[in-house]
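Letter by letter, the chains look like this.
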Amino acid sequence: MRGLILIIITSLVFIGCENALKVENPNNVLEDDLNNPSSAASLVNGALATVMQGIGYVMTPYETVTDEVYWVGSRDAWRQLDQGFLSDPNNEFVDAAWPYICEGRWMADKAVSMLEEFNKQGTLRNKFYLINAYIIQALVRIAAADMFDDFVISDKMESKPPLGEQNMYQLYDQAIEILNKAEALAVAQPSGTTRDEALRRIYALRARARHAKAVWFKIRPKGSTPPSNPYVDDLNAKADAEAALSLMSGDYKWKFDYLSSQTFNSLAWEIVGRSELRLERLPLDPVTGTTDARMKADSTDFVNRTKYQDRYSPITVTSRREMHLIIAEYYLATGDIVSARAELNKIRALDGLSPYTDSHDIHRALRHERRANLYLQGRRLADMYRFGIKDSRWLTNSDAYTTVGYFLVVPIRERRANQYYPESRR
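Residue numbering note: each chain is counted from 1, following its sequence as written. Residue-level local features of this predicted model are given only where pLDDT is at least 70; pairs of side-chain atoms are given and counted only at 80 or more, and the full residue set underlies all totals for whole chains, interfaces and linings. Note that the side-chain values use all heavy atoms of the structure and ignore hydrogens as well as water.

## Points about the environment of V404
Thought 1: Going along the chain from the N terminus, every DSSP run of H or I of four or more residues is numbered as a helix, and every run of E of two or more is numbered as a strand. Relative to the elements of secondary structure, V404 occurs in the loop between α16 (399-402) and α17 (412-417).
Thought 2: Sequence separation between V404 and A207 is 197 residues; the distance between their C-alpha atoms is 24 Å.
Thought 3: Those residues in contact with V404 that sit more than four places away from it in its chain are I219, K222, G223, S224, T225, P226 and Y385. Working rule for contacts: check all heavy atoms of both residues, and any pair within 4.5 Å makes them a contact.

## Digging into the packing of aromatic side chains
Thought 1: Note on ring pairs: Phe, Tyr and Trp rings are taken, using the six-membered ring of Trp, and paired if centres are within 6.5 Å. Classes follow the plane angle, with under 30 degrees stacked, over 60 edge-to-face and the rest tilted. As enumerated under the stated definition, the model contains 15 aromatic pairs in all.
Thought 2: Members of the aromatic cluster, connected to one another through ring pairs, are Y57, Y100 and F264.
Thought 3: Of note, K222 hangs over the ring of Y406, and the distance from its end group to the ring centre comes to 3.5 Å.
Thought 4: Throughout this description, the term charge over a ring refers to an Arg CZ or Lys NZ atom that lies within 6 Å of the ring centre and within 35 degrees of the ring normal. Looking at K390, its charged tip hangs above the ring of Y401, at a distance of 4.4 Å from the centre.

## What to know about the packing of helix α12 (residues 320-333) against helix α14 (residues 362-373)
Thought 1: Convention adopted: a line fitted to C-alpha atoms gives each axis, helices being fitted over their contacting stretch, and angles between N-to-C directions are expressed from 0 to 180 degrees. With their axes 10 Å apart at the nearest point, α12 and α14 run at an angle of 160 degrees to one another. In terms of their interaxial angle, α12 and α14 are classed as roughly antiparallel. The chirality of how α12 crosses α14 is left-handed. Residues R321, L325, A328, E329 and L332 of α12 touch α14, and the partners they reach there are I362, H363, L366, E369, R370 and N373.
Thought 2: The class makeup of the residues in the contact of α12 with α14 is 5 nonpolar, 2 polar and 4 charged. When describing relative orientation, an angle under 35 degrees is termed roughly parallel and one over 145 degrees roughly antiparallel, while 65 to 115 degrees is termed roughly perpendicular and anything else oblique. By definition, any crossing whose near helix is turned counterclockwise from its far helix by less than a right angle is left-handed, and any crossing with a clockwise turn is right-handed. Throughout this entry, Asp, Glu, Lys and Arg are counted as charged residues, while Ala, Val, Leu, Ile, Met, Phe, Trp, Tyr, Cys and Pro are counted as nonpolar. The remaining residues, Gly among them, count as polar.

## Brief notes about the nonpolar core
Thought 1: L115, F148, F151, F256, M323 and Y385 are the most contacted members of the largest nonpolar core, which totals 130 residues.
Thought 2: Each residue touching F148, except ones within four places of it in the same chain, is listed here: V58, V94, W98, I101, M168, R220, F407, L408 and V409. Only buried residues count toward a nonpolar core, which is a set of Ala, Val, Leu, Ile, Met, Phe, Trp, Tyr and Cys residues joined through side-chain atoms within 4.5 Å. Remark: exposure states derive from per-residue accessible area (1.4 Å probe, protein chains only) relative to the maximum for the residue type, with buried under 20%, exposed over 50%, and partly exposed in between.

## Description of the pattern of salt bridges
Thought 1: In the sections that follow, a salt bridge refers to a side-chain nitrogen of Lys or Arg positioned within 4 Å of a carboxyl oxygen of Asp or Glu. Inspection of every chain in the model, using the stated rule, returns 38 salt bridges.
Thought 2: With its nearest N and O atoms 2.4 Å apart, the salt bridge here joins R210 to D240. Highlighted residues: R210 in helix α6 (residues 193-218) and D240 in helix α7 (residues 235-245), separated in sequence by 30 residues.
Thought 3: Of the residues examined, D240 reaches a relative accessible area of 5% and is grouped as buried.
Thought 4: When salt bridges that share partners are traced, they join D285, D292, R294, R348 and E369 into one network.

## Examining the environment of Y375
Thought 1: With respect to the secondary-structure elements, Y375 resides in the loop between α14 and α15 (380-386).
Thought 2: When the C-alpha atoms of Y375 and R294 are compared, they prove to be 9.3 Å apart, with 81 residues separating the residues in sequence.
Thought 3: Beyond its immediate stretch of four places on either side in the chain, Y375 contacts E68, L279, L282, M295, D298 and S299.

## As for the packing of helix α1 (residues 40-65) against helix α4 (residues 127-147)
Two packed helices can be described by the angle between their axes and the distance between those axes.
Thought 1: Where α1 meets α4, the axes come as close as 10 Å, and the angle between the chain directions of the two elements is 15 degrees. For the element pair α1 / α4, the angle class is roughly parallel. Both α1 and α4 take part in a crossing whose hand is left-handed. Of the residues in α4, those in contact with A40, A41, V44, A47, L48, V51, I55, V58, M59 and Y62 of α1 are Y129, N132, A133, I136, L139, V140, A143, D146 and M147.
Thought 2: For the contact of α1 with α4, the class distribution of residues is 17 nonpolar, 1 polar and 1 charged.

Here is the structure:
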């Protein structure tokens, strides 16, 4: 981990609706230079930049396991993931991604600890710096819990024991607690667009964390068959989703804008730049019977070199669509088919698509809408497991094929460096 050098970015802008989160002008400074309250913006933007980069790196091997991305190149480690083998700690691409997500987690925690101290001292002039740092700190925990089997929260060169597979849900709990602090601070700020955008993200991320935690328990402990009841009925997740929706307008999406941040998206680089990976063939819409127009548009946009060159395609963090999906699933889980269908049709109305009627299978409808509206957002593998979907490229003896609930493992570089692993060289 590059613990003493912090990436900073001089301005962070929270933007609503279809616009992405933007950061600009990265520079490197020494850690000691940030012990001044005037560094608050740099701390927040450094955390954002490293978390953006970390999530992009980890999503690349994660997506390769799913039916959203497949391997077409020459590197065996991609083929290993594409075929459903996740248990090898020596996989070079999981190993390469690990330091970036860990750096993002460390940077987010560092920013929060310093900004909390500034706030305690009364020297933090803008409370939104701390609010935004909390949001980033929560997000990196949610991403790690979504994509890894286990995780380690160390402090630079000091080893810490892994959380343990059975305890990974605690990252969601941590994220929820962090977002609770962010909410308490945000609601105390003057009304305005900045406050509204912060609350949109807080409620949406907390809804996502609560829903993802419930999904985690659906597919844990690991087993050979999907859960008999795959649907989440978390009332708190529904309430947060509704609170987020009350502040969202239009087709709201919070996106990572890699182009303006000058950090790059590894998933885009491997697909658009190197052509080592490729986007999968898209499914048919259950109503129209043709290729899903939303996924087709997102796929075309992702590989648009004119807009994003070969490595800067955005990643959606949360959206109005996801909030409707969480609410729809709650209704389906509790037996309210009419309300579930209505929520799904609110999503379809955003694109002018024909609605579902009572002649359509509501279970198939929910599963398809999650696939279509969470495309390339790091949610797919958990859904494949809980809904009993197997990628056609998974070999029958692979981890993903035989075991429900298998995610990326802690790679060899951490195992060799961390004294709590038997592979440690210490």
